[in-house]
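# Commentary on secondary and tertiary structure
One letter stands for each residue in the lines below.
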Amino acid sequence: MKTINPIEQEVNQIRLAIYDKIKDMTPAQVTEYYRKSGEATAKKYGFKIIENANERAK
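Everything in this summary refers to the structure shown in the same document.

About the cut-offs
- Residues numbered from 1 in each chain as written.
- Predicted model: local features only at pLDDT ≥ 70, side-chain atom pairs only at ≥ 80, totals over all residues.
- Heavy atoms only, no water.
- Salt bridge = Lys/Arg side-chain N within 4 Å of Asp/Glu carboxyl O.
- Helix = DSSP H or I, 4+ residues; strand = E, 2+ residues; numbered from the N terminus.
- Buried < 20%, exposed > 50% of the residue type's maximum accessible area, 1.4 Å probe, protein only.
- Phe/Tyr/Trp six-rings, centres within 6.5 Å; stacked < 30°, edge-to-face > 60°.
- Expected span 1.5 Å × (residues − 1).
- Polar contact = N/O pair within 3.5 Å; in protein donor to acceptor, adjacent residues only side chain to side chain.
- Axes fitted to C-alpha atoms, helices over the stretch in contact; angles between N-to-C directions.
- Parallel < 35°, antiparallel > 145°, perpendicular 65-115°, else oblique.
- Contact = heavy atoms within 4.5 Å.
- Nonpolar A, V, L, I, M, F, W, Y, C, P; charged D, E, K, R; others polar.

### A word on the pattern of salt bridges
Under the definition given, this model contains three salt bridges. Residue Arg35 is joined to Glu32 by a salt bridge in which the shortest nitrogen-to-oxygen separation is 2.3 Å. In this pair, Arg35 and Glu32 are both assigned in helix H2 (residues 27–45), three residues apart and thus about one turn of the helix distant. Between Arg35 and Glu39 there is a salt bridge, with its nearest N and O atoms 2.6 Å apart. Placement of the pair is Arg35 and Glu39 together in helix H2, with a separation of four residues, close to one helical turn. Of the residues examined, Glu39 reaches a relative accessible area of 40% and is grouped as partly exposed.

Listed below in structure tokens is the structure:
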């Protein structure tokens, strides 16, 4: 039997926690949840979010 790596266990716990938050949301609400989460993460780490892959960073 395969032993699950502790990091993999942590990732699975995070994935399940997110699923519990979004399971009853509409697709639009899920999109908004991920958008807000992405913006908060970008701000925390100093990243810039671009709307289009063809958009050039300024």
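### Brief notes about the packing of aromatic side chains
Scanning the model with the defined rule gives two aromatic pairs in all. Plain terms: the ring middles of Tyr33 and Tyr34 are 5.3 Å apart, the flat faces sit at 75 degrees to each other, and that makes the pair edge-to-face.

### Observations concerning helix H1 (residues 6–22)
In a regular helix each residue adds 1.5 Å, so 17 residues correspond to 24 Å; H1 covers 25 Å between its end C-alpha atoms and thus fits that length. Regarding H1, its N-cap is Asn5, as a side-chain oxygen of that residue lies 2.7 Å from the backbone nitrogen of Ile7 further along.

### Description of the environment of Ala17
Along the chain, the position of Ala17 falls in helix H1. You can call Ala17 partly exposed: its relative accessible area is 39%. Measuring from C-alpha to C-alpha, the distance between Ala17 and Pro6 comes to 17 Å, with eleven residues separating the pair along the chain.

### Here we look at the packing of H1 against H2
Their axes nearest at 10 Å, the elements H1 and H2 cross at an angle of 135 degrees. Looking at the two axes, H1 sits oblique to H2. Between H1, through Ile18, Lys21 and Ile22, and H2, the contact on the second element is made entirely by Val30, Tyr33 and Tyr34. The class makeup of the residues in the contact of H1 with H2 is five nonpolar, no polar and one charged.

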